[in-house]
Amino acid sequence: MSVLPLVFTSGWASGINAYAVVLLLGLFGATGLTDEVPASLQRTDVLVVACVLFLCEVVADKIPYMDSVWDTVHTVIRPLAGAVVAALLAGESGSLPELAAAAIGGSTALMSHLVKAGTRMAVNSSPEPFSNIAVSIAEDLGVAGIVTFAIFHPVAAAVIAGTLLLLGIVTVAFLASRIRRYLRRRAQRREEKRLAGAGSHRPPG
């Protein structure tokens, strides 16, 4: 069977939490649950680093505004991780060219990352932190569930991931006004900090 469904699903999941994808795939391969995972993802050092970074993301992703900063930093990291994981999966399977797999995994990760980042901007426009935590937990559980499901039912998991991606795009478009509100508030805070900094360095007199 072609590895394409697993490549697509791992790309979608990487755009939300790349470290969880690497950690889960590595553990599934190391425990013998699947033969699709390359040995490079099963290495102990890779699993340890992925675990540490995953725990960092679990914390940062649940703090309002910090999550958006974290997303900004990972605008490059998540698509790159999605591309690398996809290429490794394709290389292990041999049923899909690695370059094509990297393009699919990377582009899918980029789209899901933009959906995640846009959704978080909309959520952060609300002053209470509970919706932020709820969305983060739902994302973590969704990634874990879809990646696990993809190991045993790759085609069905890819259909679910594609549906979630489309729903996410529609949701971000629907929440566009809240996203613009968040961006205005962030720009206002930056301007206030700049003016406060300029005032503190103003010479007396």
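The structure presented is a predicted model; accordingly, all values stated were derived computationally and were not measured.

How each quantity is defined
Residues numbered from 1 in each chain as written. Predicted model: local features only at pLDDT ≥ 70, side-chain atom pairs only at ≥ 80, totals over all residues. Heavy atoms only, no water. Helix = DSSP H or I, 4+ residues; strand = E, 2+ residues; numbered from the N terminus. Areas by Shrake-Rupley, 256 points an atom, 1.4 Å probe, with all protein chains shown as cover. Lys, Arg positive; Asp, Glu negative; His and termini not counted. Charge placed at Lys NZ, Arg CZ, Asp CG, Glu CD. Axes fitted to C-alpha atoms, helices over the stretch in contact; angles between N-to-C directions. Parallel < 35°, antiparallel > 145°, perpendicular 65-115°, else oblique. Left-handed = near helix turned anticlockwise from the far one by under 90°. Contact = heavy atoms within 4.5 Å. Nonpolar A, V, L, I, M, F, W, Y, C, P; charged D, E, K, R; others polar. Core = buried A, V, L, I, M, F, W, Y, C linked by side-chain atoms within 4.5 Å. Buried < 20%, exposed > 50% of the residue type's maximum accessible area, 1.4 Å probe, protein only. Salt bridge = Lys/Arg side-chain N within 4 Å of Asp/Glu carboxyl O. Expected span 1.5 Å × (residues − 1). Arc of directions from axis to C-beta.

K.L.:
Help me understand the overall build of the chain in this model?
P.N.:
Helices and strands together make up the secondary structure of the chain, namely seven helices and zero strands. Secondary structure of the chain in N-to-C order comes out as α-α-α-α-α-α-α. Taking the principal axes of the C-alpha coordinates as reference, the chain spans close to 75 × 35 × 30 Å. Element-wise, carbon and sulfur atoms account for 73% of the exposed surface of the chain, whose accessible area totals about 10,500 Å². The average position of the 16 basic charges and that of the 14 acidic charges among the side chains of the chain differ by 16 Å.

K.L.:
How should I be thinking about the packing of helix α1 (residues 4-30) against helix α6 (residues 154-174) in this particular structure?
P.N.:
A pair of packed helices can be characterised by two numbers: the angle between their axes and the separation between those axes. In contact at an axis separation of 8 Å, α1 and α6 are set at 40° when each is read in the N-to-C sense. What the angle tells us is that α1 and α6 run oblique. Between α1 and α6 the crossing geometry is left-handed. Across the interface between the two elements, Pro5, Leu6, Phe8, Thr9 and Trp12 from α1 touch Pro154, Val155, Ala157, Ala158, Ala161, Gly162, Leu164 and Leu165 from α6. Tallied by class, the residues present in the contact of α1 with α6 amount to 11 nonpolar, two polar and no charged.

K.L.:
What is the right way to look at the nonpolar core in this model?
P.N.:
Grouped burial of nonpolar side chains is what soluble globular proteins tend to show. Counting residues in each nonpolar core, the largest one holds 38 residues, and the members touching the most others are Val3, Val7, Trp12, Leu25, Leu89, Val143 and Val147. For this core, the secondary structure elements donating two or more residues are α1, α2 (44-60), α3 (66-93), α4 (98-124), α5 (130-152), α6 and α7 (176-200). Sort the elements by how many residues they give to this core and α1 lands first, with 12 residues. The contact partners of Val147, leaving out residues within four places of it in the chain, are Ala13, Val21, Leu24, Leu25 and Phe28.

K.L.:
What is the right way to look at unusual backbone geometry in this model?
P.N.:
The phi angle of most residues is negative, glycine excepted, and most peptide bonds adopt the trans form. Although it is not a glycine, Tyr65 sits at a positive phi angle of roughly 75°. Topologically, Tyr65 is positioned in the loop between α2 and α3. Residue classification places Tyr65 among the partly exposed residues on the basis of a relative accessible area of 26%.

K.L.:
Before we go on, may I ask you to explain the pattern of salt bridges in this structure?
P.N.:
Pairing is possible between side chains that carry opposite charge, provided their charged atoms lie close to one another. Scanning the model with the defined rule gives nine salt bridges in all. Between Asp61 and Lys116 there is a salt bridge; the shortest N-O distance is 3.2 Å. Of this pair, Asp61 sits in the loop between α2 and α3 while Lys116 sits in helix α4; the two residues are 55 residues apart in sequence, bridging distant segments of the chain. Given the relative accessible area of 2%, Asp61 is considered buried. Overall, Lys116 belongs to the buried group, its relative accessible area being 3%. In this structure, the salt-bridge partner of Glu139 is Lys116, at a minimum N-O distance of 2.7 Å. Linking Glu139 in helix α5 with Lys116 in helix α4, this pair joins segments that are 23 residues apart in sequence. You'll find Glu139 and Lys116 in the same group, each marked buried.

K.L.:
Is there a simple way to explain α2 in this structure?
P.N.:
One full turn of an α-helix is made of 3.6 residues, so residues set three or four places apart face in the same direction. When the terminal C-alpha atoms of α2 are compared, their 24 Å separation across 17 residues agrees well with the 24 Å that a helix rising 1.5 Å per residue should span. Of all the residues in α2, the buried ones are Leu47, Ala50, Glu57 and Ala60. Within α2, the buried residues cover an arc of 150° as seen down the axis, which keeps them to one side. In α2, the exposed residues that point more than 90 degrees away from the buried face are Thr44 and Val59. Looking at the buried side of α2, the elements it contacts are α1 and α3.

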